[in-house]
Amino acid sequence: MVAGEASLFLVEGVDACNGLLGASANQNAVIKATGGGAYKFADLFKDRLGVSLDKEDEMDCLVAGANFLLKAIRHEAFTHMEGQKEFVQMDDNDLFPYLLVNIGSGVSMIKVDGDGKFQRVSGTNVGGGTYWGLGKLLTKCKSFDELLELSQRGDNRTIDMLVGDIYGGTDYNKIGLSASTIASSFGKAISEQKELEDYSPEDISLSLLRMISYNIGQISYLNALRFGLKRIFFGGFFIRGHAYTMDTISFAVQFWSKGEMQAMFLRHEGFLGALGAFMSYEKHGLDDLMVHQLVERFPMGAPYTGGKIHGPPLGDLNEKISWMQKFVLKGTEITAPVPMAPPGTTGLGGFEVPSSKGGTLRSDASALNIGVLHLVPTLEVFPLLADLKTYEPNTIDLSDHNELEYWFTVLSDHMPDLVDKAVASEGGTDDAKRRGDAFARAFSAHLARLMEEPAAYGKLGLANLLELREECLREFHFVDVYRTIKQRENEASLAVLPDLLMELDSMTEETRLLTLIEGVLAANIFDWGSRACVELYHKGTIIEIYRMSRNKMQRPWRVDDFDLFKERMLGSGDKKPLPHKRALLFVDNSGADIVLGMLPLARELLRRGTEVVLVANSLPALNDVTAMEVPEIVAEAAKHCDILRRAAEAGGLLVDAMITNSDGAKENSSSVPLMVVANGCGSPCIDLRQVSSELAAAAMEADLIILEGMGRSLHTNFNARFKCDALKLAMVKNQRLAEKLIQGNIYDCVCRYEPAS
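Quick caveat, the model's predicted, so the values are computed rather than measured.

Points about the nonpolar core
- Of all hydrophobic cores here, the largest spans 64 residues; its most connected members are I517, L585, L614, L674, I706 and L729.
- If you tally residues by element for this core, the top one is helix α20 (residues 592-607), at 10 residues.
- Contact partners of I517, with chain neighbours within four places excluded, come to W557, F562, F565, L601, L727, L729 and C751.
- Core analysis: the next-biggest nonpolar cluster, separate from the first, contains 47 residues, A440, A442, A456 and V481 among them.

Following this line, the structure appears as structure tokens:
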């Protein structure tokens, strides 16, 4: 973060301050710091580095950071029981009050009633410092993480006295204690004739961990009970993403509350203070900052450039700011053949990385996921979602390990072809080959990480995996892998568009509407993300494949609501319905998909007096068309169609020099507009909880949504419900998806119409 000419860093705690003292001097730097280190090392920073520490109150920062994360990051909070992590979506309107338990050297328990409203109500001196201190004395461990790793291999039953040890191996049912319940931590050491060296360091470490964790869990529960609080969030250095620590605290809370309370943890619990320090933004010139939404991305990619709407103004937009978190490879050189950080460093200043055996310590022990916050143009909730609370974009449940493994295999199998196209898109140079190899290794490393721990980056869905791939390509400067292919397919499709429009105009209204929907479904066969589709490209030209697909369109389709849609469009008998006011058409692929499928459908809606907004990706993804490419396609199509020309002119898409008018004398003042808007993402799928502000504004007057393609209407949003009419159109190009979703087969079609909820 830069303020004027001075660099502004965020630092939390003694260890972070120690690490920064090894950095080179920067006399213009101001370090926003919180925690004990902000005071302990203030003079040292000034003397050795010539920089000042701008100190913030630790409790203020902890609470501000926790509130920020719980409101801004979707899947920030989670429960952890018996090794299972389950994310909990927090309701901003029902967040307060809660108990924040910060476990550092000691433990602070803070009752949080709102933003800036909190009170430290309790605490204990038995915390992380106790664990580390006693552990160091008893096991000779040199670091906190070494002590935690010892606990992973320990058996506390060798040193703890259990209820079963007292009652002859049986439970004490009368008071609800099982035989395995710890009656006395380290209790067996009393009766056994053993010295310290006779006990395993692993067993000692685990016994210590359980003793302290149970104690903290019980005291936390009692304080929550005292103040009538139902939510307890745990954070701090002690937890460090350690599964057994979280399980132990969770068990204690559940045990003492008799299942009425749950311990919850924060994915970014190690950064509460630093984030809180940042939230004191008014002190460093960001008075107008509004935390609107924190969007999480996977690897670092090109910054989102925002969605620009091509067309007349859609109303004043409130200027807001969003946050994007991307997971980057630490210390990665863009041309490096193997993208990884130097051993033992983060690549961001030389701080030590916690060592981990088996990946069971906190997730940032991996060199794959440093979370970086980026200031980005506004991403908003799509206003036409019927119920935001129940909306889940992902259709495929990747919590099923078999399902996860299948889709990982699909992405891995597709990688060689994708790398070849990526390298070719950059001219096949040696540099492009090195970047292509680096992309493949980085993406494979992310997949391996997620296979080991699917929740490492938050709740995982198929849409996240597909977005991960695109972001990873951009990380290695492959901006538009399919650019040449898209241009070639657009040109081939535009060449036959006039004949298709002439054929459509010769039909009756009812026949034309069916043919248009068939055309969209047939043209959706072109998808470079589908291996089955890629194989089709070897069997004929784009036009030959399109015609073959059209000829195979036989109703009833696997999901066939066409008759319902036809009744809404054409009415029945003498009853003629009013046309829709505005339709949002979420377009998918370049080439035949948009030119021979969606554009003719848009033309039909325009003919009926409906405003049309073509919604396309902000950034390239596979062969999907982007919002920057659509106006040129429309301009070429408009050369052969007066309806498209007049609508495009009314929508501000055309200037006179772009087309040759065939009937320039005609008035177009009464034409409804055809517009284009960027959706705010660069993925084959779309999460409607985070769209561009321009799309959100365009949706305000829309009463029809058409979602086209597997990514936007099957992989995501198949079960989404809207406040307006919705039509979902796609050809299924994956056998497993067809079986799971519609109990059908590959190349089956989906035409799902849902009236306004």
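What follows continues from the structure just given.
Section: the sheet that holds strand β25 (residues 749-754)
- If you walk across this open sheet you meet the 7 strands as β18-β25-β24-β23-β19-β20-β21, and the pairing is mixed. The strands lining the two open edges of the sheet, one partner per strand, are β18 (559-560) and β21 (674-678).
- Of the strands in this sheet, β18, β24 (725-731) and β25 touch helix α19 (residues 562-570), which is tilted by about 45° from β25.

Brief notes about the packing of aromatic side chains
- Following the criterion strictly, the structure yields 20 aromatic pairs and no others.
- Seen from their ring centres, Y167 and Y172 are 4.8 Å apart, and the 45° between their planes marks the pair as tilted.
- Overall, the relative accessible area of 27% leaves Y172 in the partly exposed class.
- One aromatic cluster is present, built from ring pairs that chain together Y131, W132, F144, F237 and F238.
- Positioned above the aromatic ring of F478 is the side chain of R435, whose terminal nitrogen or guanidinium carbon lies 4.8 Å from the ring centre.
- Above the face of the F718 ring, R752 is positioned so that its terminal group lies 4.1 Å from the ring centre.

Some words on helix α22 (residues 642-650)
- Those residues of α22 not exposed but buried are I643, L644, R645, R646, A647 and A648.
- Considering only its buried residues, α22 is in contact with α20, α21 (630-638) and β21.
- Note on α22: the residue one or two positions beyond its end, G652, has a positive phi of about 80°.

Focus: the pairing of strand β9 (residues 117-124)
- Relative to β9, strand β8 (residues 107-114) is paired through 7 bridges, and the arrangement is antiparallel. The residue bridging G114 from the neighbouring strand is K117, located in β9.
- Counted along the chain from β8 to the antiparallel partner β9, the turn is 2 residues long, and its residue G116 has a positive phi close to 75°.

With respect to the pattern of salt bridges
- Scanning the entire structure with this criterion turns up 47 salt bridges.
- Here D560 and R555 are joined by a salt bridge, their closest N and O atoms 2.9 Å apart.
- Measuring nitrogen to oxygen at the nearest pair gives 3.5 Å for the salt bridge that ties K581 to E701. Pair noted here: K581 is in the loop between α19 and β19 (582-586) and E701 is in the loop between α23 (693-699) and β23 (704-708), with a separation of 120 residues, a long-range link.
- Owing to a relative accessible area of 48%, K581 belongs among the partly exposed residues under this scheme.
- Taken together, the shared-partner salt bridges in this structure form one network comprising D505, E509, R512, R603, E604, R607 and R608.

Focus on the pairing of strand β20 (residues 611-616)
- Among the 6 residues that make up β20, 6 are buried, leaving the element largely enclosed by the rest of the structure.
- Burial along β20 is two-sided: E611, V613 and V615 and V612, L614 and A616, pointing in opposite directions, are all buried.
- As paired strands, β19 and β20 are joined by 5 bridges and run parallel to one another. Paired with F586 across the strands is V615, a residue of β20.
- What joins β19 to β20 is α20, and the crossover it makes is right-handed.
- Pairing geometry for β20 and β21, over 5 bridges, is parallel.

With respect to the environment of A42
- Relative to the helices and strands, A42 is located in helix α3 (residues 42-49).
- Distance in space between the C-alpha atoms of A42 and D54 is 9.1 Å, their sequence separation being 12 residues.
- Discounting residues that sit within four places of it in the chain, A42 has contacts with G37, L53 and K55.

Thoughts on the packing of helix α5 (residues 128-139) against helix α9 (residues 201-227)
- Where α5 contacts α9, the two axes come as close as 10 Å, and the packing angle between them is 160°. With respect to each other, α5 and α9 are oriented roughly antiparallel. Handedness of the crossing formed by α5 with α9: right-handed. Contact with α5, carried on its side by T130, Y131, L134, G135, L138 and T139, involves P201, I204, S205, L208, L209 and I212 of α9 and no other residues of that element.
- Across the contact of α5 with α9, the residue classes tally to 8 nonpolar, 4 polar and no charged.

About the thresholds
Residues numbered from 1 in each chain as written. Predicted model: local features only at pLDDT ≥ 70, side-chain atom pairs only at ≥ 80, totals over all residues. Heavy atoms only, no water. Core = buried A, V, L, I, M, F, W, Y, C linked by side-chain atoms within 4.5 Å. Buried < 20%, exposed > 50% of the residue type's maximum accessible area, 1.4 Å probe, protein only. Helix = DSSP H or I, 4+ residues; strand = E, 2+ residues; numbered from the N terminus. Contact = heavy atoms within 4.5 Å. Pairing = 2+ DSSP bridges. Axes fitted to C-alpha atoms, helices over the stretch in contact; angles between N-to-C directions. Phe/Tyr/Trp six-rings, centres within 6.5 Å; stacked < 30°, edge-to-face > 60°. Lys NZ or Arg CZ within 6 Å of the ring centre and 35° of its normal. Salt bridge = Lys/Arg side-chain N within 4 Å of Asp/Glu carboxyl O. Right-handed = clockwise from strand over helix to strand, strands pointing away. Parallel < 35°, antiparallel > 145°, perpendicular 65-115°, else oblique. Left-handed = near helix turned anticlockwise from the far one by under 90°. Nonpolar A, V, L, I, M, F, W, Y, C, P; charged D, E, K, R; others polar.

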